[in-house]
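If you want the building blocks of each chain, they are given just below.
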Amino acid sequence: MRRIIYLLLFPLVAFGQTQLNNFEDLIKRKQFDKAELQLTVYLEKHPDNLKAIELLGDTYGHQEKWDEAIEKYKKLVSLNPDSAEYHYKYGGAMGMKALSVSKLTALGMIGDIEDSFLTAAKLDPKHVNVRWALVEYYMKLPGVLGGSKNKALKYAYQLEQLSKVDGYLAKGYIFESDDEPELAEKYYKLAINVGGSLWCYNKLTTFYEKQKQPEKALANLEVAKEKHKRNALHYEMGKIAADYNIELQKGVQCLQTYLKNYSPEDGVPKAWAHYRLSQIYAHKKNKQAALKYIDLALAESPKTKHFKDEKQRIMKL
């Protein structure tokens, strides 16, 4: 009899899982409105389905509907208080809301945000994301409200035990935030040496740009390009050349390569590559070429303010 009941119910279970998979696919494709509608209808019939509640909370988060996301994650915490992931998402949604409200309102949320992250860290000693959240939380929070470099370092050391790359990146972030650029550079380089991912190279490149060291940023991107063979890196190199008026010919070559090999997966639309080329030719005082490329950028995106402003600057050359 039990076998018969199982066989009768299994198609319903499988159908429910298929629906949830479909909702996840909608979110991955960034069809958030559609996912929100379908998940809302689904939860009317299955109000305590944890996965569906979580997906709806994620959908709200992607749309920056923080109050709605907080409501869903809070429900998840109440239904399963032993889930580190639910506490982490609840704290994260509250943290994002705190960034969008008045300082007085945010002040009243600090305790709940910290409690949620600390609970998640305690429940799961291997939860990497919540330790990153705590590092950022303690570095961004003013000292009088509980912010602390030492507390941030505590979780950076925990990250290092779980993943040397994450630990080194976290320390780089801490020392960069604390205005200790030599130590920050040291740890970002260690992350590259250990991990070597594109993400590690990007962190060091961004650091060099913030430090007003475009030559180092360009050299780092050159190494990353040789290792990872990503077309998007050609755009990044051209961008730095254009922004800082350095190695202009290399910038032109990189941007032309980017345009030649462009695909939507590269991330940055072709219009921005044309804009960067117009900047470079403006630096070269080649008004004709600069106008050619800014007109190409405007043809693709006529309402973009950066492009319109750039054309006005070029016309004054």
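What counts and how
- Residues numbered from 1 in each chain as written.
- Predicted model: local features only at pLDDT ≥ 70, side-chain atom pairs only at ≥ 80, totals over all residues.
- Heavy atoms only, no water.
- Helix = DSSP H or I, 4+ residues; strand = E, 2+ residues; numbered from the N terminus.
- Contact = heavy atoms within 4.5 Å.
- Axes fitted to C-alpha atoms, helices over the stretch in contact; angles between N-to-C directions.
- Parallel < 35°, antiparallel > 145°, perpendicular 65-115°, else oblique.
- Nonpolar A, V, L, I, M, F, W, Y, C, P; charged D, E, K, R; others polar.
- Salt bridge = Lys/Arg side-chain N within 4 Å of Asp/Glu carboxyl O.
- 1 Å grid on protein atoms, 1.4 Å probe; cavity = no way out; pocket = protein on both sides within 12 Å on 5 of 7 lines; lining within 4 Å.
- Points joined across faces, edges and corners; volume = space filled by probe spheres on them.
- Patch = residues over 30% accessible without salt bridge, like charges linked within 9 Å, V, L, I, M, F, W, Y side chains within 5 Å.
- Areas by Shrake-Rupley, 256 points an atom, 1.4 Å probe, with all protein chains shown as cover.
- Core = buried A, V, L, I, M, F, W, Y, C linked by side-chain atoms within 4.5 Å.
- Buried < 20%, exposed > 50% of the residue type's maximum accessible area, 1.4 Å probe, protein only.
- Expected span 1.5 Å × (residues − 1).
- Polar contact = N/O pair within 3.5 Å; in protein donor to acceptor, adjacent residues only side chain to side chain.
- pLDDT = per-residue confidence, 0-100.

Q: Which parts of the structure should I look at to understand the side chain of Glu 36?
A: Within the secondary structure, Glu 36 is located in helix H2 (residues 32–45). With residues near it in sequence (within four places) discarded, Glu 36 still touches Leu 56, Thr 59, Tyr 60, Gln 63 and Lys 65.

Q: I tried to follow the packing of helix H12 (residues 198–210) against helix H14 (residues 232–244) on my own but got confused; where do I start?
A: Helices that pack against each other are described as a pair by the angle of their axes relative to one another and the distance between those axes. One way to put it is that H12 packs onto H14 with a least axis distance of 13 Å and a crossing angle of 5 degrees. Considering their axes alone, H12 and H14 lie roughly parallel with respect to each other. Note on element contacts: H14 touches H12 through Leu 233, Lys 239, Ile 240 and Tyr 244, opposite Leu 198, Asn 202, Thr 205 and Glu 209. For the contact of H12 with H14, the class distribution of residues is 4 nonpolar, 2 polar and 2 charged.

Q: Explain the pattern of salt bridges here, please?
A: Pairs can form between side chains of opposite charge once their charged atoms are near each other. By the definition in use, this model includes 24 salt bridges. Of the charged contacts, one joins Glu 54 and Lys 89 as a salt bridge, the two residues approaching to 2.8 Å between their closest N and O atoms. Highlighted residues: Glu 54 in helix H3 (residues 50–62) and Lys 89 in helix H5 (residues 84–98), separated in sequence by 35 residues.

Q: Would you take a moment to explain the layout of surface pockets for this structure?
A: In this approach, a probe sized like a water molecule rolls over the atoms, and the result shows the empty space that is left. The computed volume of the largest pocket comes to approximately 870 Å³. What lines the largest pocket is a set of 30 residues, and nearest its centre among them are Gly 92, Gly 95, Met 96, Leu 99 and Ile 113. Looking at which element gives the most residues to the lining of the largest pocket, the answer is H5, with 8 residues. Residue classes in the lining of the largest pocket are distributed as 19 nonpolar, 6 polar and 5 charged. Counted as a void, the second largest pocket has a volume near 310 Å³. Considering the residues around the second largest pocket, the lining is formed by 15 residues, among which Leu 198, Asn 202, Ala 232, Leu 233 and Glu 236 are closest to the centre. Taken together, the elements giving at least two residues each to the lining of the second largest pocket come down to H12 and H14. Of all the elements, H12 adds the most residues to the lining of the second largest pocket, at 5 residues. Here the residues of the lining of the second largest pocket sort into 6 nonpolar, 4 polar and 5 charged.

Q: Hey, could you run me through a nonpolar patch on the surface in this one?
A: A grouping of Leu 104, Leu 107, Val 144 and Leu 145 is seen on the molecular surface, where their side chains present a nonpolar patch of about 440 Å² in accessible area. For Leu 104, the position within the fold is in helix H6 (residues 103–107).

Q: Please explain the nonpolar core as it appears in this structure.
A: In globular proteins that are soluble, nonpolar side chains generally tend to be buried together. Judged by nonpolar contacts, the single largest core of 73 residues is most densely connected at Ile 113, Val 135, Leu 169, Tyr 173, Ile 174 and Tyr 188. Among the elements that line this core, the one with the most residues is helix H8 (residues 128–140), at 8 residues. The contact partners of Leu 169, leaving out residues within four places of it in the chain, are Trp 132, Tyr 188, Ala 191, Trp 199, Cys 200 and Lys 203.

Q: Explain H3 here, please?
A: What sets the pattern is the α-helix's 3.6 residues per turn: residues three or four places apart point alike. Helix length check: H3 (13 residues) gives 18 Å between terminal C-alpha atoms against 18 Å at 1.5 Å per residue, within 8%. Residues Ala 52, Ile 53, Glu 54, Leu 55, Leu 56, Gly 57, Asp 58, Thr 59, Tyr 60 and Gly 61 constitute the buried set of H3. The residue sitting at the N-terminus of H3 and contributing the capping side-chain oxygen is Asn 49; that oxygen lies 3.2 Å from the backbone nitrogen of Lys 51. Among the residues trailing H3, Glu 64 stands out with phi positive, at a value near 60 degrees.

Q: Help me out: how do you make sense of the confidence of the model for the protein in this one?
A: Note that predicted coordinates carrying low pLDDT should not be read in detail. Considering every residue of the protein, the mean pLDDT works out to 92; 95% of them sit at 70 or more. Considering only residues more than four positions removed or in separate chains, one finds that residues 3–15, a stretch of pLDDT under 50, has 0 contacts.

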